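The chain contents come next:
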Amino acid sequence: MQPRENPSKAESPFMRQLGSGLRTAGYDPQGKIICAVSGGSDSVAMLLGMLQLLKSAPKLIVAHFNHRARGKDSDWDEDFVRRICSERSLELRVGQSKYARTVLSEEEARRERYRFIAKIIASTGSQGVAVAHTIEDQAETVLLHLARGAGISGAAGMKKRQQLKIAGDSPLTILRPMLQSTHREAAEFLARLSITPRHDASNDDWRRYARNRIRHQVLPQLTKINTKAVEALARFAETAHTQDSFIQSLAQNTIATAGDQELNTLDRRNLISTHRALASEILIIMHRRVAQPGYHLQQSHIAKMIELAAFGKPASYHLPGSAIFTTDHAAITIVSTQQPSQRFENPYPQPFDEAILKLPGELRLDDRYAISAGICKPPARSQFQSERQAFLTPGLLHERTLTVRTRRPGDRFQPLGMRAEMKLQNFFVNAKVPKEQRDRIPIVASPISGRIAWIAGLRPAEWAKHRPEHQECLLLKLTSMGD
């Protein structure tokens, strides 16, 4: 980005913040960008400010959507934006609702507008859309999310750069270069240019819209307590965003190492054994993958899923956005109710004949499942360990093979952490394994002693575990196609 001639405007606080905001939002000065312009002071200031900062107008494409919700006022907004663009030779794309409506929810209007913009981005090869959300909008968003019971992700408010899923369209990249600017700074910038923007009277209707109640009733009261309340809420959002990003990275790692991303499944104990904050983010990510766009989890949803997972019995729970959470003794799954997963119903291979697993090596159990054996370094204590893998004593390598079979009458097993053996049947009952699954669970045993070393997907044996003095260990994995 390079400033146009006229340094007095380029050096104004608004222009400095806009230039900085574009850089931190990841704007590429070599590519095209859509500017969403409603006709109000914030979006018009953003457009004209970006026009000063960029070398050439062709890099800007203006998008205006007429929701036809305010009669002639909506049409006058459109005419105003057309005039602004015509006077500056700016390319303009205008969309309109098919029907005029006097009542339009904020969420419905947002989806309609972004669906229109997504099509423009796809047809023009633009990098994304710049929207004129200000520091006041950020403060309102934080309060609105907190009032609705959002977690740390909601407390982070709006991101400077965000990927948004639009039903039926490609993902949409949103840039918010004005999150550090105020409404007043935008208005003063336009005043110096002698431009009078349009005013949307619906923004004054605090009885109909929750955001307007926060804007006109809540924030004024907070500024009586602290005149810098808006700035304080914005700083809080930045802090929450930093912490949320860290937790997200841990959650993504957990899902990648202890789950099946294709089927959106995670080993149950990896959820219930981790910190509540991390467990919450794991569930949010899994829900986001399959839920309809625009639907989010509340803390009450997260608390219920964690409670069901901790209980360990088969259960299901419907979630917003046509999604359903399912759990049993082994795994948790979140799927779309329109495209249910088969993983929860069949978490183990079809019944198979006894076979030999070479060390190291791999054994196919059916057309989907396999067990593999390899040698690795012992895992760190902080490393997430999946129930679909086991780190065992390297002493088993001397046997050169292991037997893989299903259960037999009279089987006994020494579960990890226990001194004595117990009937395998009793272990299955205590682990809440459904009866229809017990004859399908792979059991790995020593070919010499016959002792069970690992019940795949459930638990290794105490006698076969790796110990701190071991420099290497035998790693067994139960994998499925797509892992």
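Quick note: structure is the one above.
Residues numbered from 1 in each chain as written. Predicted model: local features only at pLDDT ≥ 70, side-chain atom pairs only at ≥ 80, totals over all residues. Heavy atoms only, no water.

Visitor: For this particular structure, what's the right way to read the nonpolar core?
Guide: A general tendency of soluble globular proteins is for nonpolar side chains to be buried together. Residues Leu-392, Ile-455, Leu-474 and Leu-476 are the most contacted members of the largest nonpolar core, which totals 37 residues. When contributions to this core are tallied by element, the ones reaching two or more residues are strand S14 (369-376), strand S15 (389-392), strand S16 (401-405), helix H14 (424-430), strand S19 (443-445), strand S20 (452-455) and strand S22 (473-480). The element that contributes the greatest number of residues to this core is S20, accounting for four residues. Once residues within four sequence positions are removed from consideration, Leu-474 is found in contact with Leu-359, Ala-373, Gly-374, Ala-390, Phe-391, Leu-392, Thr-393, Pro-394, Leu-396, Leu-397 and Leu-402. In this structure, Cys-35, Ala-45, Leu-60 and Met-178 belong to the second largest nonpolar core, which totals 33 residues. (Core = buried A, V, L, I, M, F, W, Y, C linked by side-chain atoms within 4.5 Å. Buried < 20%, exposed > 50% of the residue type's maximum accessible area, 1.4 Å probe, protein only. Helix = DSSP H or I, 4+ residues; strand = E, 2+ residues; numbered from the N terminus. Contact = heavy atoms within 4.5 Å.)

Visitor: What am I meant to see in unusual backbone geometry here?
Guide: Outside of glycine, negative phi angles account for most residues, and trans bonds account for most peptide bonds. Looking along the chain, the bond that leaves Leu-359 and enters Pro-360 is cis, with omega of -10°. One can find Pro-360 in the loop between strand S12 (355-358) and strand S13 (361-364). Although it is not a glycine, Ser-89 sits at a positive phi angle of roughly 55°. Here Ser-89 shows up in the loop between helix H4 (72-87) and strand S3 (91-96). On the basis of relative accessible area, Ser-89 is assigned to the exposed category, the value being 67%. Even without glycine at this site, Arg-400 takes up a positive phi of about 70°. For Arg-400, the location among the structural elements is in the loop between S15 and S16. Residue classification places Arg-400 among the exposed residues on the basis of a relative accessible area of 65%.

Visitor: Explain the pairing of strand S11 (residues 331-336) to me, please; I cannot follow it from the model alone.
Guide: A regular strand carries its side chains on alternate faces of the sheet. Of all the six residues making up S11, six are buried; the element is thus mostly covered by neighbouring parts of the structure. The alternating pattern of S11 places Ala-331, Thr-333 and Val-335 on one face and Ile-332, Ile-334 and Ser-336 on the opposite face, and all of these are buried. Direction of pairing for strand S8 (residues 265-267) relative to S11: antiparallel, over a ladder of three bridges. From the neighbouring strand, Thr-265 faces S11, where its bridge partner is Thr-333. Across five bridges, strand S10 (residues 323-327) lies against S11 in antiparallel orientation. Within S11, the position partnered with Ile-324 by the bridge is Val-335. Between S10 and S11, which pair antiparallel in sequence order, lie three residues. (Pairing = 2+ DSSP bridges.)

Visitor: Can you help me understand the pairing of strand S9 (residues 315-319) in this one?
Guide: Direction of pairing for S9 relative to S10: antiparallel, over a ladder of five bridges. Paired with Ser-316 across the bridge in S10 is Thr-326. Joining the antiparallel neighbours S9 and S10 is a turn of three residues, in which Gly-321 adopts a positive phi near 80°.

Visitor: I tried to follow the state of the cysteines on my own but got confused; where do I start?
Guide: Formally, a disulfide is one covalent bond, and it connects the sulfur atom of one cysteine to the sulfur atom of another. Within the structure shown, the criterion is met by zero disulfides. Cys-35 carries a free sulfur, and the closest cysteine sulfur to it, the one in Cys-85, is 9.2 Å from it. No disulfide involves Cys-376; its sulfur sits 3.6 Å from the nearest other cysteine sulfur, which is in Cys-473. (Disulfide = S-S within 2.5 Å.)

Visitor: Just checking my understanding: could you explain the sheet that holds S8 for this structure?
Guide: Picture the strands of a sheet paired through backbone hydrogen bonds; they go either parallel or antiparallel. With antiparallel pairing, the five strands of this open sheet are ordered in space as S7-S8-S11-S10-S9. With one partner strand each, in any of the chains shown, strand S7 (259-260) and S9 form the two edges of the open sheet. Packed onto the sheet, helix H13 (residues 299-311) meets S9, S10 and S11 and runs at close to 170° relative to S9. (Axes fitted to C-alpha atoms, helices over the stretch in contact; angles between N-to-C directions.)

Visitor: Would you explain the environment of Gln-163 in this entry?
Guide: Among the structural elements, Gln-163 can be located in strand S5 (residues 161-164). Sequence-wise, Gln-163 and Gly-128 are 35 residues apart; in three dimensions their C-alpha atoms are separated by 9.3 Å. Polar contacts involving the side chain of Gln-163 include one to the side chain of Thr-173, which spans 2.6 Å. (Polar contact = N/O pair within 3.5 Å; in protein donor to acceptor, adjacent residues only side chain to side chain.)

Visitor: Just checking my understanding: could you explain the packing of helix H10 (residues 229-258) against helix H12 (residues 276-290) for this structure?
Guide: Working note: a packed helix pair is described by the angle between its axes plus the distance between those axes. At their nearest, the axes of H10 and H12 sit 9 Å apart, and the two run at 70° to each other. In terms of axis orientation, H10 runs roughly perpendicular to H12. Facing Asp-244, Ile-247, Gln-248, Leu-250, Ala-251, Gln-252, Thr-254 and Ile-255 of H10, the residues of H12 in contact are Ala-277, Leu-278, Glu-281, Ile-282, Ile-285, Met-286 and Arg-289. Within the contact of H10 with H12, the residues separate by chemical class into nine nonpolar, three polar and three charged. (Parallel < 35°, antiparallel > 145°, perpendicular 65-115°, else oblique. Nonpolar A, V, L, I, M, F, W, Y, C, P; charged D, E, K, R; others polar.)

Visitor: Before we go on, may I ask you to explain the pattern of salt bridges in this structure?
Guide: It is possible for side chains bearing opposite charge to pair when their charged atoms get close. For the structure on display, the rule yields 17 salt bridges. Among the ionic pairs, Glu-421 bridges to Arg-451, the shortest N-O distance being 3.7 Å. On the criterion of sequence distance, the pair formed by Glu-421 in the loop between strand S17 (412-413) and strand S18 (422-423) and Arg-451 in the loop between S19 and S20 is long-range, its members being 30 residues apart. Ionic pairing is found between Glu-462 and Lys-465, a salt bridge with its closest N-O pair at 2.9 Å. Under the relative-accessibility criterion, Glu-462 is labelled buried at 14%. A residue is classified by how much of its surface remains accessible, and Lys-465, at 24% relative accessible area, is partly exposed. One network of salt bridges, with partners in common, ties together Arg-70, Asp-73, Asp-77, Arg-198 and Asp-200. (Salt bridge = Lys/Arg side-chain N within 4 Å of Asp/Glu carboxyl O.)

Visitor: Got a minute to help me understand helix H5 (residues 106-124) in this structure?
Guide: Working note: α-helix, 3.6 residues per turn, so residues spaced by three or four point in the same direction. Between its first and last C-alpha, H5 extends 27 Å over 19 residues, near the 27 Å set by a 1.5 Å rise per residue. The set of residues buried in H5 consists of Ala-109, Glu-112, Tyr-114, Phe-116, Ile-117, Ala-118, Ile-120, Ile-121 and Thr-124. Elements that come into contact with the buried residues of H5 comprise strand S1 (33-36), strand S2 (60-66), S3, strand S4 (129-130), S5 and strand S6 (172-175). Directly beyond the C-terminal end of H5, a positive phi value near 70° is found at Gly-125. (Expected span 1.5 Å × (residues − 1).)

All quantities given are derived from atomic positions and should not be read as evidence of function.
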